Amino acid sequence: MAERKILVLFGSQTGTAEDTAERIARQAKRHHFQCQVEALDSYNVASLIHEPLVVFVCATTGQGDPPDNMKNFWRFLFRKSLPPTSLCQMDYAVLGLGDSSYPKFNFIAKKLHKRLLQLGGSPLVPVALGDDQHDLGPDAVIDPWLSDFWAKILALYPLPPSLSVISPEIMLPPKFTLHFLEDASGEDLRERSPRQERAPEEPPSERHPFPACLVSNQRVTSESHFQDVRLLQFDVSGSGVEYTAGDVVMIQPCNAPEDVQLFCDLLRLDPDKRFVLRPTEPGTPLPAHLPQPCTLRHLVSHYLDIASVPRRSFFELACHFSTSDLEREKLQEFGSAQGQEELSAYCYRPRRTTLEVLGDFPHTTCAIPCDYLLDLIPRIRPRAFSIASSMLVHPNRIDILVAVVHYKTLLSKPRRGLCSTWLASLEPQNDAARVPLWVKQGSLTFPADRLTPVVMIGPGTGVAPFRAAIQERVAQGKGGNYLFFGCRQKSKDFYCRAEWEALVERGCLHLFVAFSRDQEEKVYVQHRIREEKELVFDLVSHRGASIYLAGNAKQMPEAVSEALKFVFRSQGCLSAPEAERYLAGLEREGRFQAETWS
């Protein structure tokens, strides 16, 4: 009989693909499969040739880009040296998560499926393309696809007569158990579990972030403007951090102390109780971000994302703990395929948080066993910010531009972004308010040749990486800096205005601004590009300029691309298909680069 073993690999940016991968793993256990779940970049890709059965769950980000935790895997998989029979022993399935309002809908899943076929893999079922835009979300595609997938699996790997599929009514054991330490002193605990410190020669990383001191927290929009945007400056002296223009800084936020206390009150937990985490199944790695031993306060403050909107899996699991028939019935409805419209109305549309949901189901909440907390609530994910400063100008400093997330829904309490609200609340020079951070290579790379001009298009906080690039290029004596910046009003949200105007005065910068609300007709960066068509065409076609785009991924990138194609058509006498190919050629050559976020 074939070994009942399945590997689930995920590429996830916001956590949805990871949540879906864990859902498949739970179903695998119910079908009596050994299951391993890993992020694609954490998995040893060389072992893939030995895997008989693999499910890939991957999101598409930005403009058809792979998530950060599958970028290394992506580069490896598309090596031309890989033989076409590399994966001939592997049966696989691909589940994609995307948003059909973006031009490259589920691009990564489609391309991955095609590449696995080229390398000899055998698809078990057609690729699934989950869509955030569907009324029922990606589950509208995932639910029927999983039914087909398990039917195919059971045909290939039939259950022995003595076994049957474990019913959803039966609760699976938790991934980890919390073993509380009743009488151990702090000194004893440290001896039993020494803290791993970062080696001095190692740069800060997700596992060992650098606790940076905030030195400046400046609002760069007027007090009367609806959007609060901050220019934050961190001191990274002694960190070993190195970066160049285009890189990003990752910041690990934490929950508000009052939310942590409320969570502990709702679950009747003593926040100062200490525990050691142990895996239920041998070989399951412990979460790298949790110290051992750990207090419940640290777990809730720094690990459990109680401010996130809970997913369907939360309700599927929570219903098992309910001591109230009424609450259990509602939780079961929200966790079912038939209840997704109701769940959307209750949870997703108003952006109700996990903490608020727990408050709405008090009889269930106080009965949740601690062992299931890590199954029930995902970890707090680090947030990425484009670095808005240059090491050449400020060697021991990292600047970022942060738009503070604050909006209203049907709920009376305004919704607030966890990370941006926390950062905006910090007092500069307060040594107690350290911010855990580390640097990652970004997707934008700027020309080394000092004579190559750069055209930078950065509306709103999209200007952040270009502030870094301009600082760096000016310090290196590089001219040819062209910036297209857009905002609502010159008097209210023209970020870093004094800096730009001083650089223009010195002849170091050519600045083109679009203030969308300062006149009756709305004007955006794409309109300014069209107006400057002769200049843009001359820079790109005759002077070898590179074009850079950063900002919101929704409609702006497509509008800018259309404006650039208009420039190539009108000034280069190209047809529409030729202009399309010309822009695609610039992208292939690395002369048109975009970094966008949703």
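Residues numbered from 1 in each chain as written. Predicted model: local features only at pLDDT ≥ 70, side-chain atom pairs only at ≥ 80, totals over all residues. Heavy atoms only, no water.

In the nomenclature of an unreviewed UniProt entry, the protein corresponds to NADPH-dependent diflavin oxidoreductase 1 from the organism Phrynocephalus forsythii. UniProt's Subcellular location (unreviewed entry) comment on the protein is quoted here verbatim: "Cytoplasm, Perinuclear region". If you open the UniProt record of the protein and go to Catalytic activity (unreviewed entry), you find "2 oxidized [2Fe-2S]-[protein] + NADPH = 2 reduced [2Fe-2S]-[protein] + NADP(+) + H(+)". (UniProt positions renumbered as here; feature names shortened; annotations may be inferred.)

A.B. asks: Got a minute to help me understand the overall build of the protein in this structure?
C.D. replies: Scanning the protein from terminus to terminus reveals 20 helices and 22 strands. By the compact-globule yardstick of 25 Å for 598 residues, the protein fits well, its C-alpha radius of gyration being 26 Å. The principal-axis extent of the C-alpha atoms belonging to the protein is close to 75 × 55 × 50 Å. For the protein, the proportion of its 598 residues judged to be buried stands at 51%. Long-range contacts, defined as pairs at least 24 residues apart, comprise 76% of the intrachain contacts of the protein with a sequence gap of at least 6. Surface exposure of the protein reaches about 28,000 Å², of which carbon and sulfur atoms provide 51%. Taken as two groups, the 67 positive and 73 negative side-chain charges of the protein have centres that lie 4 Å from each other. (Helix = DSSP H or I, 4+ residues; strand = E, 2+ residues; numbered from the N terminus. Rg over C-alpha atoms; globule rule 2.2 N^0.38 Å. Buried < 20%, exposed > 50% of the residue type's maximum accessible area, 1.4 Å probe, protein only. Contact = heavy atoms within 4.5 Å. Areas by Shrake-Rupley, 256 points an atom, 1.4 Å probe, with all protein chains shown as cover. Lys, Arg positive; Asp, Glu negative; His and termini not counted. Charge placed at Lys NZ, Arg CZ, Asp CG, Glu CD.)

A.B. asks: Explanation requested: the packing of helix H19 (residues 556-572) against helix H20 (residues 576-588) in the structure shown.
C.D. replies: Between two packed helices, both the angle of their axes relative to each other and the distance between the axes serve to describe the pair. Their axes nearest at 9 Å, the elements H19 and H20 cross at an angle of 115°. At the point where H19 passes H20, the crossing takes the right-handed sense. Along its contact with H19, which presents Ser 561, Leu 564, Lys 565, Phe 568 and Arg 569, the element H20 presents Ala 576, Ala 579, Glu 580, Tyr 582, Leu 583 and Leu 586. In terms of residue class, the contact of H19 with H20 is made up of seven nonpolar, one polar and three charged. (Axes fitted to C-alpha atoms, helices over the stretch in contact; angles between N-to-C directions. Left-handed = near helix turned anticlockwise from the far one by under 90°. Nonpolar A, V, L, I, M, F, W, Y, C, P; charged D, E, K, R; others polar.)

A.B. asks: Even after reading the chapter, I still don't get the packing of aromatic side chains, so can you show me in this structure?
C.D. replies: Remark: the centre distance and the inter-plane angle together describe each pair of aromatic rings, the angle taken between the planes. Tallied over the entire structure, the rule returns 19 aromatic pairs. Seen from their ring centres, Phe 315 and Phe 334 are 5.4 Å apart, and the 75° between their planes marks the pair as edge-to-face. Within this pair, whereas Phe 315 is found in helix H8 (residues 312-318), its partner Phe 334 is found in helix H9 (residues 325-335), the two being separated by 19 residues in sequence. We note that Phe 315, like Phe 334, is buried. (Phe/Tyr/Trp six-rings, centres within 6.5 Å; stacked < 30°, edge-to-face > 60°.)

A.B. asks: Honestly, the environment of Leu 426 in this entry has me stumped. Any pointers?
C.D. replies: Here Leu 426 lies in the loop between helix H14 (418-425) and strand E17 (434-440). Owing to a relative accessible area of 10%, Leu 426 belongs among the buried residues under this scheme. For the pair Leu 426 and Val 215, spaced 211 residues apart in sequence, the C-alpha separation works out to 10.0 Å. Leave out the neighbours within four places in its chain, and Leu 426 touches Leu 214, Asn 217, Ala 433 and Val 435.

A.B. asks: Looking at this structure, how should I read the UniProt feature "binding site: FAD" (unreviewed entry) in the protein?
C.D. replies: Summarizing the sequence annotation, UniProt attributes the feature "binding site: FAD" (unreviewed entry) to Arg 351, Arg 383, Ala 384, Phe 385, Ser 386, Gly 417, Leu 418, Cys 419, Ser 420 and Trp 597 in the numbering used throughout. Spanning 247 residues, the annotated positions stay apart in the fold, the maximum distance between their C-alpha atoms being 25.8 Å. Along the chain, Gly 417 turns up in the loop between strand E16 (415-416) and H14. Mapping Cys 419 onto the fold places it in helix H14. Its relative accessible area of 2% is what places Cys 419 among the buried residues.

A.B. asks: Help me understand the sheet that holds strand E7 (residues 176-180), please; the structure alone is not making it clear to me.
C.D. replies: Each strand in a sheet pairs with its neighbour through backbone hydrogen bonds, running either in the same direction (parallel) or in the opposite one (antiparallel). Read across the sheet, three strands follow the order E7-E11-E12 without closing on themselves; strand pairing throughout is antiparallel. Bordering the open sheet on either side are E7 and strand E12 (294-295), each of which pairs with just one other strand. Note that strand E11 (residues 274-279) and E12 share two bridges and pair antiparallel. Bridge pairing in E12 places Arg 274 opposite Thr 295. (Pairing = 2+ DSSP bridges.)

A.B. asks: Looking at this structure, how should I read the packing of H9 against helix H10 (residues 340-348)?
C.D. replies: The N-to-C vectors of H9 and H10 enclose an angle of 105°; their axes lie 7 Å apart at closest approach. Taken together, the axes of H9 and H10 lie roughly perpendicular to each other. Here Glu 333, Phe 334 and Gly 335 of H9 come into contact with H10, specifically with Gln 340, Glu 342, Leu 343 and Tyr 346. When the residues that make up the contact of H9 with H10 are grouped by side-chain class, the tally is three nonpolar, two polar and two charged. (Parallel < 35°, antiparallel > 145°, perpendicular 65-115°, else oblique.)

A.B. asks: Looking at this structure, how should I read unusual backbone geometry?
C.D. replies: When glycine is set aside, most residues are seen to have a negative phi, and most peptide bonds are trans. Here the amide bond leading from Gln 292 into Pro 293 is cis, since omega sits at -5°, within 30 degrees of zero. Locating Pro 293 in the fold gives a position in the loop between E11 and E12. For His 32, which is not glycine, the phi dihedral falls at a positive 65°. Mapped onto the elements of the fold, His 32 is located in the loop between helix H1 (16-30) and strand E2 (34-39). Notably, Asn 106 is not glycine yet its phi reads approximately 50°, a positive angle. Mapped onto the elements, Asn 106 comes out in the loop between strand E4 (91-98) and helix H3 (107-118).

A.B. asks: Honestly, the pattern of salt bridges in this entry has me stumped. Any pointers?
C.D. replies: Opposite charge on two side chains permits them to pair, given that their charged atoms come into close proximity. Under the counting rule described, the total for this entry stands at 28 salt bridges. In this structure, Arg 415 and Glu 356 form a salt bridge, with 2.7 Å as the shortest nitrogen-oxygen distance. Highlighted residues: Arg 415 in strand E16 and Glu 356 in helix H11 (residues 354-360), separated in sequence by 59 residues. The exposure class of Arg 415 is buried, given its relative accessible area of 5%. Exposure remark for Glu 356: the relative accessible area of 23% places this residue in the partly exposed category. (Salt bridge = Lys/Arg side-chain N within 4 Å of Asp/Glu carboxyl O.)

A.B. asks: Looking at this structure, how should I read the sheet that holds E17?
C.D. replies: Taken together, the six strands give an open sheet; going across it, the order is E13-E10-E17-E8-E9-E14, and neighbouring strands pair in antiparallel fashion. The strands lining the two open edges of the sheet, one partner per strand, are strand E13 (383-386) and strand E14 (397-403). Averaged over neighbouring strand pairs, the angle between their axes works out to 40° when direction is ignored. Of the pairings in the sheet, the one linking strand E10 (residues 248-251) to E17 comprises four bridges and is antiparallel in character. Counted as the bridge partner of Met 250 is Trp 438 from E17.

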